[in-house]
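Chain residues, written in single-letter form:
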Amino acid sequence: MAQASRAPRRSRTLEDDSSLEENKALLAQNEYEEDSSDEEDIRNTVGNIPMEWYQDFPHIGYDLEGKKIYKPIRNKDELDMFLEKMENPDYWRTVQDKMTGADIKLTDEQIDLVHRLQKGQFGDVHFNPYEPAVDFFTHEVMIHPVTNRPADKRSFIPSLIEKEKVSKLVHAIKMGWIKPRKPKDDTPTYYDLWAHEDPNSILGRHKMHVPAPKMKLPGHEESYNPPPEYLLSEEERLAWEQQEPAQRRLSFVPQQHRSLRAVPAFPRFIHERFERCLDLYLCPRQRKMRVNVDPEDLIPKLPKPRDLQPFPTTQALVYRGHTSLVRCLSISPSGQWLVSGSDDGSVRFWEVSTARCMKTLPVGGVVKSVAWNPNPTICLVAICVEQSVLLVNPCLGDKLLYGATDQLLESFVPPEEERVQPVQWVPATMEEHSKGIRLVVQHSKAVKQVTWHGKGDYFASVVSDNSNMQVLIHQSSKRWSQNPFRRSKGLVQCVLFHPIRPYFFVATQRYVRVYNLLKQELTKKLMTNCKWVSSMAIHPGGDNIICGSYDSKLAWFDLDLSTRPYQLLRHHKRALRSVAFHKHYPLFASGSDDGSVIVCHGMVYNDLLQNPLLVPVKVLKGHVLTLDLGVLDVLFHPTQPWVFSSGADGTIRLYT
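Residues numbered from 1 in each chain as written. Predicted model: local features only at pLDDT ≥ 70, side-chain atom pairs only at ≥ 80, totals over all residues. Heavy atoms only, no water.

Going by the annotation in an unreviewed UniProt entry, the name recorded for the protein is Ribosome biogenesis protein BOP1, with Strigops habroptila given as the source organism. Regarding the protein, the relevant UniProt record gives this comment under Sequence similarities (unreviewed entry): "Belongs to the WD repeat BOP1/ERB1 family." According to its UniProt record, the protein has this under Function (unreviewed entry): "Component of the PeBoW complex, which is required for maturation of 28S and 5.8S ribosomal RNAs and formation of the 60S ribosome." (UniProt positions renumbered as here; feature names shortened; annotations may be inferred.)

What follows is the structure in structure tokens.
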């Protein structure tokens, strides 16, 4: 029967062999096409390790021959990445292979796989999770069982293994190794929070206990039989009734009864008790930490002004002669002569000790600034008039001195090549020479300030302009001018040379910039905390400067300390026009539109750890307000503790 059912065997032919070999070749070919495991091995053989280990190395692994696989050169910055993102259409499907560091472009199948996994679907496209279930066993009970095997004998005989286990457990319970479970007690348990607490210790909530304020004890007016002066008259009763309850001195009207038995019940008793209860529990109470400070200790201990003498206290001389407001002052290095410039178009030279006008120089325009050369061997004054700076020899004092100055100016030899300059140096005509004018430096715009360098050869001028030509530096001996700045940093108000170091201070509306002239770079930028700087002065030591501003503040800067003001003084009521330091005494002064000059003691210590001591010592008044303007310029005498002030009333005053 078995032999009959077996299929007859067929003999193998040549055709079968050839088709078998074809299949084998096809299989081998497909196998190597699909398999990528060798390819992966060829790329990188480091194995399953964190690729961060290779972070600081130039290579990323090793190939099959053990040679280093170097990382691809990546020198793309943020801009290159952004451009690639914008221009490369396949940027979104490009990922970096961590094993080789190369960029790989994902195929459509891989992107579909990623999308499916992101949506929580199965990776295989052809897998259907919702195929109909195959019912292996029907829910209908059939007569014939699925299997009809006879039951085992062990299914109805007690188990010997279980018997052994039970006997072991019984023995353990008898020996006491296994304790039976205690029955659960369902009664709730309560804990005494304060059981383990020291009865003598003060509790935390009682430490901060603030007792309620005690009620005021009743006085004579609450007595049932008060003295007659406590009883209200008819007018007082009417006034009491018309008052607001909160304004009444007493909350009740005192009454007189002949005996204690005649006193009726108090009608507002319950109301009053209720108010007291509200006061007790609604009124917030807190412990105030009271610090007993003597107000005198909070005021800084300043020395008495009489200990800080000498300083100017009284008006000694008034220099009269100008017919309009006197804008600017300057004094000779010897302190013998004073020069003043006014809006009346004249410059006057005065003798300091007698207030005598020695010389008047008409210049035909408003004089914005004058500056006497600080070098005592040169007798020269720079004067700003409209678009020119005049260099004037006043021919005062020592004849040898001013003669030597003229010889110095005349010894100039012009260079062979004409140099391009931002200004024109014009020698004075015969008529101007007779007045004392020696050179005219012609600018393109109106000049508003001139200041000399300490050595007396260089001077700087400030032009009313918004370009980079606002500040110019001139050399008088070589008649050479230059523009130190390439671009404008704001509207320049005033400039100053450092007294000893090669620094140049430029004050714009809000900032003071300090430039190093040797290195030709910005050294510091000081924030004045003012809206508009008007004037600036530097301490003779060179480490402190003061700035006056139109918003009535005076800022003291310690250049070694900070770029922000060490102190802001608000002594004046109106705009500050001018500030000045004394060359030898620890004094500085400020002049303001309120018509006053405030002299302050400003002690700078050699000890760098000690801060400067600033004490206002005297308010000097005398100028009359004219056209809402007061003091326009202040200036100290070079050797004496005297201060000069020029005002809008056309006078110059000397305080000694």
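Engineer: What is the right way to look at the layout of surface pockets in this model?
Structural biologist: Vacant regions in the atomic arrangement are exposed by a probe of water-molecule size rolled over the atoms. The space that makes up the second largest pocket amounts to roughly 1,200 Å³. Together, 32 residues line the second largest pocket, and Glu222, Ser251, Phe252, Phe266 and Glu272 are the ones closest to its centre. Here the lining of the second largest pocket is built from residues that sort into 16 nonpolar, five polar and eleven charged. (1 Å grid on protein atoms, 1.4 Å probe; cavity = no way out; pocket = protein on both sides within 12 Å on 5 of 7 lines; lining within 4 Å. Points joined across faces, edges and corners; volume = space filled by probe spheres on them. Nonpolar A, V, L, I, M, F, W, Y, C, P; charged D, E, K, R; others polar.)

Engineer: Is there a simple way to think about a positive patch on the surface in this case?
Structural biologist: There is a patch of like positive charges on the surface, built from Arg486, Arg487, Lys489 and Lys525. Looking at the element boundaries, Lys489 is found in the loop between strand E18 (480–482) and strand E19 (494–497). Looking at Lys489, the relative accessible area reads 39%, which means it is partly exposed. (Patch = residues over 30% accessible without salt bridge, like charges linked within 9 Å, V, L, I, M, F, W, Y side chains within 5 Å. Areas by Shrake-Rupley, 256 points an atom, 1.4 Å probe, with all protein chains shown as cover. Salt bridge = Lys/Arg side-chain N within 4 Å of Asp/Glu carboxyl O. Lys, Arg positive; Asp, Glu negative; His and termini not counted. Charge placed at Lys NZ, Arg CZ, Asp CG, Glu CD. Helix = DSSP H or I, 4+ residues; strand = E, 2+ residues; numbered from the N terminus. Buried < 20%, exposed > 50% of the residue type's maximum accessible area, 1.4 Å probe, protein only.)

Engineer: Help me understand empty space enclosed by the protein in this model?
Structural biologist: Going through the model one piece at a time under the given rule, you end up with three cavities of 30 Å³ or more. Taken as a whole, the largest cavity spans an internal volume of roughly 110 Å³. Along the wall of the largest cavity there are 14 residues; nearest its centre are Phe485, Arg487, Ser488, Lys489 and Val492. Of the volumes computed, that of the second largest cavity is approximately 40 Å³.

Engineer: I keep staring at the environment of Pro213 and nothing clicks. Help me out?
Structural biologist: Its place among the elements puts Pro213 in the loop between helix H7 (204–207) and helix H8 (234–242). Look at Pro213 and you get exposed, because its relative accessible area is 54%. For Pro213 and Leu238, which are 25 residues apart along the polypeptide, the C-alpha to C-alpha distance reads 33 Å.

Engineer: I would appreciate a short explanation of the packing of aromatic side chains in the present structure.
Structural biologist: Where two aromatic rings form a pair, the distance of their centres and the angle of their planes describe that pair. Per the counting criterion, the structure on display carries 13 aromatic pairs. Ring geometry for Tyr319 and Phe644: centres 6.2 Å apart, planes at 55°, overall tilted. In this pair, Tyr319 sits in strand E5 (residues 315–319) while Phe644 sits in strand E32 (residues 643–647), placing the two residues 325 residues apart along the sequence. In terms of burial, Tyr319 and Phe644 fall into one category: buried. Ring plane angle 65° and centroid distance 6.2 Å describe the contact between Trp425 and Phe459, whose orientation is recorded as edge-to-face. Of this pair, Trp425 sits in strand E13 (residues 424–427) while Phe459 sits in strand E16 (residues 458–463), and the two are 34 residues apart along the sequence. Judged by relative accessible area, Trp425 falls into the buried class, the value being 14%. The class of Phe459 is buried, set by a relative accessible area of 0%. Geometry around Trp480 places Arg419 over its ring, the cationic atom sitting 4.2 Å from the centre. The lysine or arginine in question, Lys525, covers the ring of Tyr511, its NZ or CZ lying 4.2 Å from the ring centre. (Phe/Tyr/Trp six-rings, centres within 6.5 Å; stacked < 30°, edge-to-face > 60°. Lys NZ or Arg CZ within 6 Å of the ring centre and 35° of its normal.)

Engineer: Explain the UniProt feature "repeat: WD" (unreviewed entry) in the protein here, please?
Structural biologist: The UniProt record annotates "repeat: WD" (unreviewed entry) at residues 319–360. Helix makes up 0% of residues 319–360 and strand 57%, with an end-to-end C-alpha separation of 13 Å.

Engineer: Hey, could you run me through the sheet that holds strand E15 (residues 447–452) in this one?
Structural biologist: Hydrogen bonding along the main chain pairs the strands of a sheet, whether they run parallel or antiparallel. In space, the four strands of this open sheet follow the order E15-E16-E17-E18, with antiparallel pairing throughout. If you trace the sheet from one side to the other, it starts and ends with E15 and E18, each paired once. Each strand of the sheet is rotated relative to its neighbour by a mean of 20°, with strand direction disregarded. Across five bridges, E16 lies against strand E17 (residues 471–475) in antiparallel orientation. Paired with Val462 across the strands is Val471, a residue of E17. (Pairing = 2+ DSSP bridges. Axes fitted to C-alpha atoms, helices over the stretch in contact; angles between N-to-C directions.)

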